[in-house]
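# An overview of the molecular structure
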Amino acid sequence: MKPWQEILSLKSTKVLILIVVGLLFLGLPLFASQYVSYLMLTFFAYAVMVLGLNLLFGYTGLLSFGHAFFMAIGAYTAAFLTGKFSILYMEVILVVAVIISSILAALIGAICVRYIKIYFAMLTLAFGMLFYTFLLKFYYLTGGDEGMRVLRPYLLGFNLSEIPKMQYLTRSYYIYTLVILAILTFVMWKIVSSPFGLCLKAIRDNPEKAEYLGVSVKRYRWYAFIISGAYAAIGGALLAPAIGQVDPGLTYWTHSGTLVFMTLLGGFENFFGPLIGGVVYIFLQDKVMSLTTYWRFIFGAILAFLVIVAPGGIAGVISSLVKKEKGGE
Amino acid sequence: MVILSASDLRKYYGEFCALDGVSFKINEGEFVSIIGPNGAGKTTLINVLTGLLTPNTGKVFYKDKEITGIGPEKLSKLGVARSFQLVNIFPNFTVLEFLMVAVVSRLGKGTNFYSSLLRDQKVTSEALEVAMLFGLVGKRDVLTKNLPQGDKKMLDVASAFALHPEVILLDEPTSGVSTSDKNKIMETLVSASKKIGIKSIIQVEHDMDIVFSFSDRIIALHQGKILSDSAPGEIEKNEEVVCTVLGQKECFKIFSALMHEHTGKGGKA
C-alpha cells in the first residue's frame, strides 16, 4: 500500500503544481503589466517550439540545429495567408502550417534521419540556411530582408480588429495561445509516455540494441522528426501575429541556436525542462538587454557555465535538490 | 527440420578473411555451441547470421526464407533474436521498461502514439513474465545502469527472450560471470527457452564445462573455417583438431569434462 500511496501523492502534487502554474499564467494579464504579459505570450509560442525540439533532442537523441526552419515555415504561413490570401482564421492558419511543415519535414527528415550526431545537426542547419537564402533572394514573393507583415487573425471565427493592439495581444490572443500550448503540452506528454515514446528513448539510449529488439530505428526517428517539425511550425504560426512582422532572421541558424539554448538551459532530460528554459531565457534576455548591449556575451557565459557545472539545466538542479530533500528526511 | 542454415559464408575485412567458407545446418530442437580461439570468427559469424553484416559470398536461410544481410529489425520480426558478448543495454531504462521495448515491438505496438504505456496491462504483464523467468522481478524498477554486471548481462539475454523468437543466438551469455554462477545461468536459459517455446539455441561459449554439458552439437571454428561439427560425445574423434584449435589448456579442460561425463556426473539439458 505504502509505495502506491507515495506514487499517488507524488503524482497529485505534480498535477497540483501544474494547475497552479496554469492558473497563474491565465491570470497574469490581470495583475502584471502589458509588457510582461506580452513577453509571456512570446514564451507560449516558443514553448510549443521547444516541446517539439525536445522530442527530437531529449527523447530521440537527435540534435537539430535547423529547427528555426520549421518555425519560419509556420510564421511565413501566417504572413502569406493573412497578407496575400486574406485568410484570417487562426485555426486555418494553424492547420495549413501543420500540413506544410509535415510535408516538408517528411521530405527533409527522410534525408536527415539517415545521419546522427554532428552530421544530423549540420544537415538540419544547412536546410535552415537554404531556406534563409530563399527568403532573402525571392524577395518579390517573400519581401526579402524586409519580410512580410502579419495581419491580425480572427480567433475562433471572431473578428477582433476593433480592440487596441496590445489589449488584443495580451488578452484574447494571450489566452488563445495559452490554451493551445496547454493542449499541445498534454498531447506531447501522451506521446512521450506511449509505447512509441518508449521506443524513441530506446533509440536514444542504444540504437543498435533497439534494432535487435525489432524497433525500426530510422522510421521512428522520421516520425519524431515530423511531429517535431509540426510543433515548431505551430509555434512559429503562433509567434507571427505576436511580433506582427516576419523576416528571414527567423530561420537564421542563430535562431535555431536560441531554441537549443532554451532546451539546455531548462534541461533536456526533463519533460518540462525546455519550458522552464524558455521562460527563463525570454525574461532574462529582456532584462540583460535593457542593461547592456553585450547581452550575447553574458548569455555565452551562462551557456559555458551550464555545460560545465549543470549539464542537467535548471530542471536537473531542481530535481537533484528535491532528491536531496527527500534523502534528508 | 532445418531451422537455420548457412552456405559457404565468406566475410573479408579488407585483406583479413574472418569467415572462409562456413556452411552448416541447425535443426529444430538443437542446442548448438560455437567454439574457437579469439579471432576465429565466432562473433563475425553471429553478426552474419543475424543479418547485421552482409557476407561477401554465401547465403543464410531461416526455414525456407533467405535472410542474408536482412538487418536486425526485420530478423527479429521473423523470429530470430540475439544477445551480445558485451553488455548492451539502455542505461536510463528501468528493468521493466527495458523488457517492455521488446514486448511492445513484438506486439506491433511501437506506432501507438497515444495510449498510455503504464496502463497497458498486456505489455506490463508480458514484460513481468520474462522478468520472472530470469529472476529480475524484484529489480523491476531499478535503473539498468545501476545493476550489477551479471544482471545487466541477464537482462540483455532476457530482452531477446521477450521477443519470443524461435531461434536465439547467444554471444557468450556467461562471459564475465563467476564460474559458480555459470551453471545457474545456463539452467535458467534452458528452462526459460522451454517455457517461451524457443526451438533452437545457438551460443558462442568459451567455458568448456558449459559447452559439453549443455550442447547437442559443437561447431569448432578456426581462422574462419569449420574444423569440426559433431556431438560432444564424438569430439574425441576430432581430438587432435580440436586441441589445435583450443590450445593445451582448453584441451586439458575438454578431457577433464569428458572424464566428468564418462563418470556419469554430467547431464545434458
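## Focus: unusual backbone geometry
All names here are of chain A. Here the phi dihedral of Ser86 falls at roughly 55 degrees; this positive angle occurs in a residue that is not glycine. Along the chain, Ser86 turns up in the loop between α3 (68-83) and α4 (90-112). Backbone geometry at Lys117 places phi at a positive 50 degrees, although glycine is not the residue there. Checked against the element boundaries, Lys117 lands in helix α5 (residues 117-137).

## Structural notes on the packing of α4(A) against helix α7 (residues 165-192) of chain A
Residues and elements named next belong to chain A. Closest axis-to-axis distance for the α4/α7 pair is 13 Å, and the angle between their directions is 40 degrees. Helix-helix and strand crossings are classified by hand; for α4 and α7 the assignment is right-handed. In this structure, α4 uses Met90, Glu91 and Leu94 to contact α7, whose residues at the interface are Tyr173, Tyr176 and Ile180. Classifying every residue of the contact of α4 with α7 gives 5 nonpolar, no polar and 1 charged.

## What to know about α4(A)
Taking 1.5 Å of rise per residue, 23 residues should cover 33 Å, and α4(A) covers 31 Å from first to last C-alpha, within 8% of that figure. Listing the buried residues of α4(A) in full gives Met90(A), Ile93(A), Leu94(A), Ala97(A), Ser101(A), Ser102(A), Ala105(A), Ala106(A), Ile108(A), Gly109(A) and Cys112(A).

## Describing the layout of surface pockets
Residue and element names in this part refer to chain A. If you add up the space inside the second largest pocket, you get close to 860 Å³. Lining the second largest pocket are 32 residues, with His255, Thr258, Tyr281, Gln285 and Trp295 sitting closest to its centre. Going through the elements one at a time, α2 (34-59), α10 (217-243), α11 (253-266), α12 (273-291) and α13 (295-309) are the ones with two or more residues in the lining of the second largest pocket. Looking at the lining of the second largest pocket, its residues break down into 20 nonpolar, 9 polar and 3 charged.

## Notes on the pairing of strand β3 (residues 31-35) of chain B
All names here are of chain B. Counting buried residues in β3 gives 5 out of 5 residues, a clear majority hidden from the surface. Here β3 runs beside strand β8 (residues 200-204); their pairing, made up of 4 bridges, is parallel. Pairing of Phe31 across the sheet is with Ile201, part of β8. Note: β3 against strand β9 (residues 217-222), 4 bridges, orientation parallel. Bridge pairing in β9 links Ile35 to Ala220.

## Regarding a nonpolar patch on the surface
Residue and element names in this part refer to chain A. The grouping of Val15, Ile19, Leu23, Leu26, Ile175, Val179 and Ile183 at the surface amounts to a nonpolar patch, some 600 Å² of accessible area in total. Looking at the nonpolar patch, the elements that each hand over two or more residues are α1 (2-31) and α7. Considering each element in turn, the nonpolar patch owes the most residues, 4 residues, to α1. Mapped onto the secondary structure, Ile19 falls in helix α1.

Criteria and thresholds
Residues numbered from 1 in each chain as written. Chains lettered and ligands numbered in written order. Predicted model: local features only at pLDDT ≥ 70, side-chain atom pairs only at ≥ 80, totals over all residues. Heavy atoms only, no water. Helix = DSSP H or I, 4+ residues; strand = E, 2+ residues; numbered from the N terminus. Axes fitted to C-alpha atoms, helices over the stretch in contact; angles between N-to-C directions. Left-handed = near helix turned anticlockwise from the far one by under 90°. Contact = heavy atoms within 4.5 Å. Nonpolar A, V, L, I, M, F, W, Y, C, P; charged D, E, K, R; others polar. Expected span 1.5 Å × (residues − 1). Buried < 20%, exposed > 50% of the residue type's maximum accessible area, 1.4 Å probe, protein only. 1 Å grid on protein atoms, 1.4 Å probe; cavity = no way out; pocket = protein on both sides within 12 Å on 5 of 7 lines; lining within 4 Å. Points joined across faces, edges and corners; volume = space filled by probe spheres on them. Pairing = 2+ DSSP bridges. Patch = residues over 30% accessible without salt bridge, like charges linked within 9 Å, V, L, I, M, F, W, Y side chains within 5 Å. Areas by Shrake-Rupley, 256 points an atom, 1.4 Å probe, with all protein chains shown as cover. Salt bridge = Lys/Arg side-chain N within 4 Å of Asp/Glu carboxyl O.

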